[in-house]
Amino acid sequence: MNSRAWRTRASAMPASAFAFAASAAARGAVGVARSTHEDGQETSFFVNDGESLTIRDRAIRACALVTAYFPLLVFAGAVLGMTSPSTVSWFKGDAVTYALASTMLGMGITLEKADFVKILAAPWKIGMGVALQYTVMPTLAFLIARTFLGDAASLAAGLILVGCCPGGTASNVVTYLAGASVPLSVVLTTVSTLMATVMTPTLTKQLAGTVIGVDGVGLFLSTCKVVLLPIIAGVALKHFARDFSETYVEPFAPAVAVITVAAICSSIIGRTSTQILAAGPTLLGSVALLHTLGFALGFFLSRAAGFSTKTSRTMSIEVGMQNSALGVVLASAHFADPLVAVPCAISATVHSVLGSSLAAAWKYRDANKAQWKADEIAKRYADPNYSAYNDAFRNATGLSNI
């Protein structure tokens, strides 16, 4: 199939799969984007309900809608990158670095120092997360590459390289939007990045048969610049200027994170659109399968090990989302065939779309669960026999504190 046909199909791809997750997130954001008065009358951003809404109030509601449609925005950005690469390819280099750093600053404002102290006091969580990172993804990448990309050695090597990379900074953003543990995500990203100095070249050599070098110092410094320092600055800003942070920064941080990730994915796809079109659907399916299984195994293995749902969701996101940008850099520097970098480029968008969809689904599930509990409590207290049941229980058991 020629490039023109592929571009036509890319621009015409149905977004129903992502629209469902987006609508789910929109319902999960009901507390921000929509409200209910005491008399039960529902209002929204677009309805004049008699309230005197300030520009800030309306901006917060608009940001909630942007956050709710995270999967759809990432998907739209990918389509834009495929169909009009020149529109988005300018967003690269320092612009990406500063945008990510700004996003991490906003995330840091939502955290407290005690959050990190609590995570560091539970080293088994960190050990489990890192172990999953460097066992699940490399193994999956090797098996999928052998099964589906056996006739394309360069693409197989690129997929294995993706699986051997550490967790990426986008995982911290998705963890934030999913309502999982951001401190744990940040710590896992940092530790896996430090270990990448040894683990990424070693695993790539064993699984792909190619020796590559990793600039450990440069990788660590980049992680500090993009992740650690902005997060620490955000925590400090909230500590010393809490009112300002909670009023003017925190409500808008999720929307900024969404726009940043969508722009980065769009840019990466735009700059590698020709190679992606040439690779074909088999590679796209292989990359999607790698990340889908990574998310699933990260969650279920963590739950099987006895970790909480919140912790397991965090580990799922950390395992399923790789530092694909690092993969692109390493592939370009250490492999003669430029096709090796293509799986890494596709991975950046695929894991963001899948991760954001998963975050939206979890948000939707949590919102429904909370609503169900509230309805059950309201129904119980509305029962005229509720007090009678309690009195009978007290008389039968002798208990009074119910």
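Keep in mind that this is a model prediction, so the values were computed, not measured.

> Residue-level account of the overall build of the protein chain, with values.
When helices and strands are tallied, the protein chain shows 22 helices and 2 strands. For the protein chain, the proportion of its 402 residues judged to be buried stands at 47%. In the protein chain, the proportion of contacts linking residues at least 24 apart, taken out of those at least 6 apart, comes to 80%.

> Can you explain the confidence of the model for the protein chain? Please cite residues and give values.
Caution applies to low-pLDDT regions: their predicted coordinates should not be interpreted in detail. Residue-level pLDDT values for the protein chain average 78, and 79% of them are 70 or greater. Predicted confidence for residues 6–22 stays below pLDDT 50, and this span has 32 contacts to residues more than four positions away or in other chains. Ignoring residues within four places in sequence, the model shows residues 24–50, a span with pLDDT below 50, making 41 contacts including any to other chains.

> Would you mind going over the nonpolar core in detail, with residue names and values included?
Membership of the largest hydrophobic core comes to 86 residues, with the highest contact counts inside it found for Ile 231 and Leu 290. Discounting residues that sit within four places of it in the chain, Ile 231 has contacts with Met 104, Met 107, Gly 108, Leu 111, Phe 116 and Val 186.

> Explain the pattern of salt bridges residue by residue, including any values.
Tallied over the entire structure, the rule returns 5 salt bridges. For Glu 112, the salt bridge goes to Arg 242, with nearest N and O atoms at 3.1 Å. Highlighted residues: Glu 112 in the loop between α7 (94–109) and α8 (113–120) and Arg 242 in helix α15 (residues 242–249), separated in sequence by 130 residues. Across the salt bridge formed by Asp 366 and Arg 313, the nearest N and O atoms sit 2.8 Å from each other.

> Which residues make up a nonpolar patch on the surface, and what values go with them?
Side chains of Leu 194, Phe 220 and Leu 221 sit close together on the surface and give an oily, nonpolar patch of about 260 Å² of accessible area. Relative to the assigned elements, Phe 220 resides in helix α14 (residues 216–240).

> Can you explain helix α16 (residues 253–271)? Please cite residues and give values.
Along its 19 residues, α16 runs 27 Å from first to last C-alpha, staying within 8% of the 27 Å computed at 1.5 Å per residue. Most of α16 is tucked away: 15 of the 19 residues are buried.

> Could you give an account of the side chain of Ser 181, naming the residues involved and the relevant values?
Position of Ser 181 relative to the elements: it lies in the loop between α12 (169–178) and α13 (182–208). A polar atom in the side chain of Ser 181 sits 3.4 Å from the backbone nitrogen of Leu 184. Ignoring anything within four residues of it in the chain, the contact list for Ser 181 reads Ile 119, Thr 175, Lys 310 and Thr 314.

> Requested: an account of the packing of aromatic side chains, with residues and values cited.
For the structure on display, the rule yields 4 aromatic pairs. Centroid distance Phe 244 to Tyr 248: 5.6 Å. Interplanar angle 40°. Geometry classified as tilted. Within this pair, Phe 244 and its partner Tyr 248 are both found in helix α15, separated by 4 residues, close to a single helical turn. A relative accessible area of 45% means that Phe 244 is categorised as partly exposed. With a centroid separation of 5.3 Å and 85° between ring planes, the pair formed by Phe 299 and Phe 300 is classed as edge-to-face. Judged by relative accessible area, which is 17%, Phe 299 ranks as buried. Residue Phe 300 is classed as exposed on the basis of its relative accessible area, which comes to 56%.

> Report on the packing of helix α10 (residues 136–148) against helix α11 (residues 153–164), specifying residues and quantitative values.
Running from amino to carboxyl end, α10 crosses α11 at an angle of 165°, the nearest separation of the two axes being 7 Å. Taken together, the axes of α10 and α11 are roughly antiparallel relative to one another. Considering only the axes of α10 and α11, their crossing is right-handed. Taken together, the residues of α11 that come into contact with α10 (itself represented by Met 137, Pro 138, Ala 141, Phe 142, Ile 144 and Ala 145) are Ala 156, Leu 159, Ile 160, Gly 163 and Cys 164.

> Quick one: what's the story with helix α4 (residues 55–68), residue by residue and with numbers?
The end-to-end C-alpha separation of α4 is 20 Å, in line with the 20 Å expected for 14 residues at 1.5 Å each. Those residues of α4 that sit buried are Ile 60, Arg 61, Cys 63, Ala 64 and Ala 68. For α4, the buried positions fall inside an angular range of 160° around the axis, keeping them on one side.

> Describe in detail the environment of Ala 114, supporting the description with residues and values.
Mapped onto the fold, Ala 114 is located in helix α8. Sequence spacing of Ala 114 and Pro 183 is 69 residues, and the spatial spacing of their C-alpha atoms is 9.7 Å.

What counts, and at which threshold
- Residues numbered from 1 in each chain as written.
- Predicted model: local features only at pLDDT ≥ 70, side-chain atom pairs only at ≥ 80, totals over all residues.
- Heavy atoms only, no water.
- Helix = DSSP H or I, 4+ residues; strand = E, 2+ residues; numbered from the N terminus.
- Buried < 20%, exposed > 50% of the residue type's maximum accessible area, 1.4 Å probe, protein only.
- Contact = heavy atoms within 4.5 Å.
- pLDDT = per-residue confidence, 0-100.
- Core = buried A, V, L, I, M, F, W, Y, C linked by side-chain atoms within 4.5 Å.
- Salt bridge = Lys/Arg side-chain N within 4 Å of Asp/Glu carboxyl O.
- Patch = residues over 30% accessible without salt bridge, like charges linked within 9 Å, V, L, I, M, F, W, Y side chains within 5 Å.
- Areas by Shrake-Rupley, 256 points an atom, 1.4 Å probe, with all protein chains shown as cover.
- Expected span 1.5 Å × (residues − 1).
- Polar contact = N/O pair within 3.5 Å; in protein donor to acceptor, adjacent residues only side chain to side chain.
- Phe/Tyr/Trp six-rings, centres within 6.5 Å; stacked < 30°, edge-to-face > 60°.
- Axes fitted to C-alpha atoms, helices over the stretch in contact; angles between N-to-C directions.
- Parallel < 35°, antiparallel > 145°, perpendicular 65-115°, else oblique.
- Left-handed = near helix turned anticlockwise from the far one by under 90°.
- Arc of directions from axis to C-beta.

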